Amino acid sequence: MYRTKTCGELRLSDVGTVVTLAGWVQRSRKMGGMTFVDLRDRYGLTQLVFNEEIDKNLCERANKMGREFCIQVTGTVSERQSKNKNIDTGDIEIITNSLNVLSESLTPPFTIEDNTDGGDDIRMKYRYLDLRRPVVRKNMELRHRMTILIRNFLDSKAFIEVETPILIGSTPEGARDFVVPSRMNPGQFYALPQSPQTLKQLLMVSGFDRYFQIAKCFRDEDLRADRQPEFTQVDCEMSFVDQDDVLNLFEDMARHLFKEIRGVDLPAKLQQMTWHEAMRRFGSDKPDLRFGMEFVELMDILKGTGEFSVFNEAAYVGGICVPGCANYTRKQLDTLTEFVKRSQIGAKGLVWAKVNEDGTVKSSVDKFYSSDVLQNMKEAFKANPGDLILILSGDNANKTRIQLCALRLEMGERLGLRDKNKFECLWIIDFPLFEWSEEEQRLMATHHPFTMPNPDDIPLLDEHPENVRAKAYDFVCNGIEVGGGSLRIHEGQLQEKMFKILGFTPERAMSQFGFLINAFKYGAPPHAGLAFGLDRWVSIMAGLDSIRDCIAFPKNNSGRDVMLDAPSEIDKKQLDELQLKVDLSQEK
Ligand code: ASP
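This structure is a prediction, so every number in the text was calculated from the model and none was measured.

About the cut-offs
Residues numbered from 1 in each chain as written. Predicted model: local features only at pLDDT ≥ 70, side-chain atom pairs only at ≥ 80, totals over all residues. Heavy atoms only, no water. Pairing = 2+ DSSP bridges. Helix = DSSP H or I, 4+ residues; strand = E, 2+ residues; numbered from the N terminus. Axes fitted to C-alpha atoms, helices over the stretch in contact; angles between N-to-C directions. Near = heavy atom within 4 Å. Polar contact = N/O pair within 3.5 Å; in protein donor to acceptor, adjacent residues only side chain to side chain. Areas by Shrake-Rupley, 256 points an atom, 1.4 Å probe, with all protein chains shown as cover. Parallel < 35°, antiparallel > 145°, perpendicular 65-115°, else oblique. Left-handed = near helix turned anticlockwise from the far one by under 90°. Contact = heavy atoms within 4.5 Å. Nonpolar A, V, L, I, M, F, W, Y, C, P; charged D, E, K, R; others polar. Phe/Tyr/Trp six-rings, centres within 6.5 Å; stacked < 30°, edge-to-face > 60°. Buried < 20%, exposed > 50% of the residue type's maximum accessible area, 1.4 Å probe, protein only. Expected span 1.5 Å × (residues − 1). Core = buried A, V, L, I, M, F, W, Y, C linked by side-chain atoms within 4.5 Å. Salt bridge = Lys/Arg side-chain N within 4 Å of Asp/Glu carboxyl O.

## Quick notes on the sheet that holds strand β3 (residues 44-51)
If you trace the five strands once around the closed barrel, you get β1-β2-β3-β5-β4, paired in mixed fashion. Put simply, the sheet's adjacent strands are angled 55° from each other on average, direction ignored. The sheet contact formed by β3 and strand β5 (residues 92-103) spans two bridges and is parallel. Residue V49 lies in a different strand from β5, and its bridge partner there is I95.

## Focus on the site of the ligand
The environment of the ligand is formed by 14 residues, the closest being E173, Q197, K200, H447 and R488. At a separation of 2.6 Å, a nitrogen atom of the ligand approaches a polar side-chain atom of Q197. At a separation of 2.7 Å, an oxygen atom of the ligand approaches a polar side-chain atom of R488. If the ligand stood free it would expose 270 Å²; the protein chains cover 92% of that surface. Contributions of two or more residues to the shell around the ligand are made by α5 (197-205), β21 (480-487) and β22 (527-533). With three residues, β22 is the single largest residue contributor to the shell around the ligand.

## Thoughts on the packing of helix α4 (residues 134-156) against helix α6 (residues 243-262)
In a pair of packed helices, the angle between the axes and the distance between the axes together describe the arrangement. Closest axis-to-axis distance for the α4/α6 pair is 10 Å, and the angle between their directions is 140°. Of the possible angle classes, the one that applies to α4 and α6 is oblique. Along this stretch, α4 crosses α6, giving a crossing that reads as right-handed. For the pair formed by α4 and α6, the contact residues are L142, R145, M146, L149, I150, F153 and L154 on the first element and L249, F250, D252, M253, H256, L257, E260 and I261 on the second. Grouping the constituent residues of the contact of α4 with α6 by class yields eleven nonpolar, one polar and three charged.

## Quick word on the packing of aromatic side chains
Two numbers describe a pair of aromatic rings. These are the distance of the centres and the angle of the planes. Following the criterion strictly, the structure yields 17 aromatic pairs and no others. Ring centres 6.0 Å apart and planes at 70° place the aromatic pair F159 and F250 in the edge-to-face group. Linking F159 in the loop between α4 and β6 (160-161) with F250 in helix α6, this pair joins segments that are 91 residues apart in sequence. We classify F159 as buried; its relative accessible area is 4%. When the centroid spacing of 5.7 Å and the interplanar angle of 80° are considered together, the rings of F475 and F532 count as edge-to-face. Taken as a pair, F475 in strand β20 (residues 472-477) and F532 in strand β22 lie far apart in primary sequence, 57 residues in all.

## Considerations on α6
With 20 residues, α6 extends 28 Å from end C-alpha to end C-alpha; this agrees with the ideal 28 Å at 1.5 Å per step. Restricting attention to buried positions, one finds in α6 the residues Q243, V246, L247, L249, F250, E251, M253, A254, R255, L257, F258 and I261. Where α6 ends, the next residue or the one after it, G263, has phi of about 65°, a positive value.

## Here we look at the nonpolar core
Residues L154, F250, F475 and W537 are the most contacted members of the largest nonpolar core, which totals 74 residues. A total of nine residues in this core trace back to one element, the largest contributor, which is α6. Not counting the four nearest positions on each side in its chain, W537 is found in contact with M146, M253, A254, L257, F258, F475, V482 and F532. Within the second largest apolar cluster, 23 residues are counted, among which are A347, L388, L390 and M411.

## Examining the pattern of salt bridges
Per the stated rule, a full pass over the model turns up 47 salt bridges. Where K83 meets E79, a salt bridge forms, and the shortest distance between an N and an O atom there is 2.8 Å. In this structure K83 comes out as partly exposed when scored by relative accessible area, which is 33%. Its relative accessible area of 44% is what places E79 among the partly exposed residues. Here R143 makes a salt bridge to D535, at a shortest N to O gap of 2.8 Å. Pair noted here: R143 is in helix α4 and D535 is in helix α15 (residues 534-542), with a separation of 392 residues, a long-range link. Under the relative-accessibility criterion, R143 is labelled buried at 13%.

## Describing the side chain of Q233
Mapped onto the fold, Q233 is located in strand β10 (residues 230-239). Non-local contacts of Q233, meaning those with residues more than four positions away in its chain, are made with S195, P196, Q213, I214, A215, C217, R219, A531, F532 and L534.

Now the structure itself:
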């Protein structure tokens, strides 16, 4: 046996027993004739003692060990004189009598401790060492627990876990595909699944009734803190259900997870907010409800009631009331103005108003409005003395709302209102079925082309598709879209119509999705589903800022794995076998 105990389990009650431990040298300290070594494994730290007086030779060997040597020791558990309250094994130490160096270590590029790291690049290059740090490992343990809980929960609800292939064809989630050349079919490519969407729908046609999979998905998109080119979904599909059946079941799953993992009780019924309401009140389809500062629309109050042409010409004027910030200095207000004018946000300017202690209003647009108008505005916000009102306007209502949303989140952040230990979950429902793509100059499916239109809106499909609501829903927590899904179209004619509106010719629809269109001709059951982003969910539960920290081997912002040095060029021989030529001469 390599070890009889782990480094996390010995207590006072073990004093006097002889144990064998194995692990890594966290650090060692020489004090007079004694050497103390902290030995680390996955379960904790245990202090080893080497005493020159007892065994000089052993002590000398111990003194030669560097950080991260992998060793095996045997010794007697003994009560520690100066106890360490910070670790579970802090009452005891091991009086070592044998040492076996299993494997030496180079000096690691950073010390393996919770609060030290060598910066992102070094951490990622030596990720296997980074994963030795307990803070990082804990995230992986949490992820493991979540997947076990999810599997057991879904199993208890009769879901069957089915694996679907990775080498498939294009899937319809609207991102760019990752493609893989086929050697056996020269000139042809597989696409990696953006999600198992079509396959899980086929499983419903097969009568599986309830499917789930903890599925790898691949999307070639620009990366952000909460995006990776490959990520994991808890992907689910159900037959013979309506929207409430789906929402209730997955709300129960969320409740179960929050309770088990964080000890948090979600409300008995989660709020459902329509997409329109979310946009109007928060400028976002994933509102962060941990704090207020809801939007107040000011068109009635500020448009046409003064000489300020910017508001008079705007399609939208609205703002937020930031409690207690009327003492913001000129400089702080300038910083906020620069914030909203940044290219990612794109507002033209920021109007502010401060509510003075005597209730009067001082504003950057004072000179254009009577004090009555400014008072009306104050009333609209129900603003108190000491509050700061921030107003944006623009010629496109939803664009301006999105800008105001960025400002609201920024103010929430500044005031410390985005508390990582608070969880506010809700469903967003009634998404628009289509959204206009400026890039493609056409309507695109907001969710995906198989999403069921709201039956009440089907008559609008021909004339006003932009007004059609979808039977689609997102699960949102703390301003993050954690999951999303929809009822699906299971009827051929309606699906054909969808493809037509989306600009597919019948031939293209058939070549891309013919298998599904055909499958639906064989008694397709009504079905619905959703998928949760596992990485995002784990990172919320763990209170992390980036999903990278809950992925064992993540990629960096340029989509590189710096440890494996991937992607990389391939051998000429491989290219020849694939009958491919690389031509980098063309400009991007
Ligand atoms: N396939 C969808 C997605 O990845 C989820 C779903 O509709 O079930 O967003």
